[in-house]
Amino acid sequence: MPPETALWNRVEQTAHEVFATFGYGEIRPPIFEPTELFARAVGGETDIVSKEMYSFPDPPQTPMEFVQATLGRIGQEQFALLESDPEKLQDFMRELAELQDVTLVSLRPEATASVCRAYIEHNMQQLPQPVKLYYVGPMFRRERPQKGRYRQFYQIGAEVLGGSDAPAIDAEVIEMLMTYFDKVGLHGATLYINSIGHNADNCRRGYVAQLRTALEKVKDKLGPDSQRRIDTNPLRVLDSKLESEQAIIATLPHIADHLCDDCKAHYAAVKRQLEIRGVLYEENWRLVRGLDYYMRTTFEITAPGLGSQNAVCGGGRYDGLVELLGGPPTKGIGFAIGEDRLILSLQESGKGQKGQGRDVYIAWMGEHAYAAAIHAAKDLRKAGLSVELPPVEQKFGKALGQADKLGAKYALILGDNEVSEGLWTLKTLSTGEQEKFPEPELIEFLRQQKNVSSYL
Ligand code: AMP
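Keep in mind the model is a prediction, meaning the values are calculated, not measured.

**Student:** So, the site of the ligand: which residues are in play, and what are the values?
**Tutor:** The environment of the ligand is made up of 15 residues, and the closest members are Arg-141, Glu-143, Tyr-150, Arg-289 and Ala-311. At 2.9 Å from a nitrogen atom of the ligand is found a main-chain nitrogen or oxygen belonging to Tyr-150. Backbone polar atom of Gly-338 to an oxygen atom of the ligand: 3.4 Å apart, as the coordinates give it. About the coverage of the ligand: the protein hides 92% of its 480 Å² of free accessible area. Mapped by element, the contributors of at least two residues to the shell around the ligand are β6 (152-162), β10 (311-317) and β11 (331-338). The leading source of residues in the shell around the ligand is β10, at four residues. Counted by class, the shell around the ligand contains six nonpolar, four polar and five charged residues.

Dropping the structure here:
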């Protein structure tokens, strides 16, 4: 709502401007896609796909109708059971859809998969490489809502797709992000980086096996979520924020000691490149990211004033993703900024918009004055000033009170006398000072105040 939307617009406008200076073009992917796209790209074992997606059969049916149409009647009780377990329902719907050749669609939980699909579908590999794209828009995840975590939230993200995985590309993506945060006025942001290697026995796969063994040994001391992840996705245990698990996690092996030579060299070069660009970073060996497609460089940015949900941006390299989705071998890297959290952090630090305000409130009384007021409003608005012209006549006292409430800078006082004398009164509301001007000079004075007179 206003006045907050003005801040949203400024944050988005700054993204358009900064990203353009790095040669990025905007892409507008669809709000929903076949569920299969996200299942393949994001990964079936991730929380996002297994229980947080809003999925629907297409043509639309309620889950109950869908189940009945495909399987015949099942009991209410049995269905209630399914409904209370979103993970099972999601699996079940996907199985049914496959069996019955029905398309399942999902509201997008993220946009990288869609950008990669677009790259393939529109043969972007034939364009000059790398292709640099960014997007702004809503994402949907059925998470437990709390401060900084919503079911419809907004991301500003960018992707670089092409033939090269040069470390300079990683560093420039991160440099662009930090430039953006600086421009938008976010202070106190911390950049964390890590490398999670690539999926091979002599690299991440070997590390994951060792990590799993180490985790099995301390399994009893871990909570149920981490215990489950030992089997499904041991790297995610490193993400845990549970206080009771921190001391145990600190004893686990580090991935940096298990990277293959190529990944090690790539990581070292990314760090060097960041240093050349003057980008400050901290290394965090526990930064693994929640999505399956990441490899090598991963990064996250935290901001103050957000409580536990303090990540404002996450990103990383995902070289195999385009190929996984049926495209040519392609390297890729990208990030997504959580716009809601960025806004929250800006507001917490006093960078939010104070109020919409008005430049001028026209307090008019009398029929002649009204006609003059309408013309004055037209002229002032044309000059770019924000003008409030009350639709019905008010006593001056009431009008001035209203102007105050709206946060107007000036009240233009126009009664029939002023009009016949040709001398209009301008009141500066913050000081209470009043001055009389002939009409043309008054309009000119206000225009100059707005600093737009020169080109009008
Ligand atoms: P991800 O796509 O999970 O890597 O998230 C990237 C960024 O999006 C995070 O760092 C958050 O700032 C933001 N984000 C993710 N999920 C949510 C959510 N449910 N509500 C608000 N922001 C979110």
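**Student:** Can you explain the pairing of strand β12 (residues 358-365)? Please cite residues and give values.
**Tutor:** Note on strand geometry: in a regular strand, side chains alternate between the two faces of the sheet. Where burial is concerned, most of β12 is hidden: seven out of the eight residues are buried. In the sheet, β12 pairs with strand β14 (residues 408-415) via seven bridges, with the strands oriented parallel. Within β14, the position partnered with Ile-362 by the bridge is Leu-412. Sheet topology places β12 next to strand β13 (residues 387-388); two bridges connect them, and they run parallel.

**Student:** I'd like a rundown of the state of the cysteines, residues and numbers included.
**Tutor:** Scanning the model with the defined rule gives zero disulfides in all. The closest cysteine sulfur to the non-disulfide-bonded Cys-116 is located on Cys-313, 16 Å from its own sulfur. Free of any disulfide, Cys-263 has its nearest neighbouring cysteine sulfur in Cys-260, separated by 3.6 Å. For Cys-263, a relative accessible area of 0% puts it in the buried group.

**Student:** Tell me about the layout of surface pockets, and name the residues and values.
**Tutor:** A volume near 610 Å³ is recorded for the second largest pocket. For the second largest pocket, the lining is made up of 26 residues, of which Asn-199, Arg-204, Asp-292, Tyr-293 and Tyr-294 are closest to its centre. Looking at the lining of the second largest pocket, the elements with two or more residues in it are α2 (35-42), α9 (204-217) and α13 (321-324). At four residues, α9 tops the list of elements feeding residues into the lining of the second largest pocket. Residue classes in the lining of the second largest pocket are distributed as 13 nonpolar, five polar and eight charged.

**Student:** Requested: an account of unusual backbone geometry, with residues and values cited.
**Tutor:** Of note, the bond from Pro-2 into Pro-3 is cis; its omega dihedral lies within 30 degrees of zero at 5°. Here Pro-3 lies in the segment before α1 (4-21). Cis geometry is adopted by the peptide bond preceding Pro-130, which originates at Gln-129 and carries an omega value of -10°. Inspection of the secondary structure assignment puts Pro-130 in the loop between α7 (112-121) and β5 (131-140). Even without glycine at this site, Asn-123 takes up a positive phi of about 45°.

**Student:** Which residues make up the packing of aromatic side chains, and what values go with them?
**Tutor:** Under the defined criterion, the tally for this structure stands at eleven aromatic pairs. An angle of 45° between the planes, with centres 5.7 Å apart, marks the rings of Tyr-180 and Phe-181 as tilted. This pair shows no difference in class: Tyr-180 is buried, exactly as Phe-181 is. Taking 6.3 Å as the distance between ring centres and 75° as the angle between the ring planes, the aromatic pair formed by Tyr-410 and Phe-445 counts as edge-to-face. Residue Tyr-410 is located in strand β14, and its partner Phe-445 is located in helix α18 (residues 439-450); the two are separated by 35 residues in the primary sequence. Here the basic side chain of Lys-271 rests over the ring of Tyr-267, its NZ or CZ set 4.2 Å away from the ring centre.

**Student:** Please give an account of the nonpolar core that cites residues and values.
**Tutor:** Within the largest apolar cluster, 54 residues are counted, with the highest numbers of intra-cluster contacts made by Leu-238 and Leu-252. Among the elements of the structure, α2, α3 (47-51), α7, β5, β6, α9, α11 (246-249) and α13 are those that each provide at least two residues to this core. Looking at this core, the element that brings in the most residues is α7, giving six residues. Not counting residues up to four positions away in its chain, the partners in contact with Leu-238 are Tyr-207, Leu-211, Ile-249, Leu-252, Trp-285, Arg-286 and Val-288.

Each value, and the rule that gives it
- Residues numbered from 1 in each chain as written.
- Predicted model: local features only at pLDDT ≥ 70, side-chain atom pairs only at ≥ 80, totals over all residues.
- Heavy atoms only, no water.
- Near = heavy atom within 4 Å.
- Polar contact = N/O pair within 3.5 Å; in protein donor to acceptor, adjacent residues only side chain to side chain.
- Areas by Shrake-Rupley, 256 points an atom, 1.4 Å probe, with all protein chains shown as cover.
- Helix = DSSP H or I, 4+ residues; strand = E, 2+ residues; numbered from the N terminus.
- Nonpolar A, V, L, I, M, F, W, Y, C, P; charged D, E, K, R; others polar.
- Buried < 20%, exposed > 50% of the residue type's maximum accessible area, 1.4 Å probe, protein only.
- Pairing = 2+ DSSP bridges.
- Disulfide = S-S within 2.5 Å.
- 1 Å grid on protein atoms, 1.4 Å probe; cavity = no way out; pocket = protein on both sides within 12 Å on 5 of 7 lines; lining within 4 Å.
- Points joined across faces, edges and corners; volume = space filled by probe spheres on them.
- Phe/Tyr/Trp six-rings, centres within 6.5 Å; stacked < 30°, edge-to-face > 60°.
- Lys NZ or Arg CZ within 6 Å of the ring centre and 35° of its normal.
- Core = buried A, V, L, I, M, F, W, Y, C linked by side-chain atoms within 4.5 Å.
- Contact = heavy atoms within 4.5 Å.

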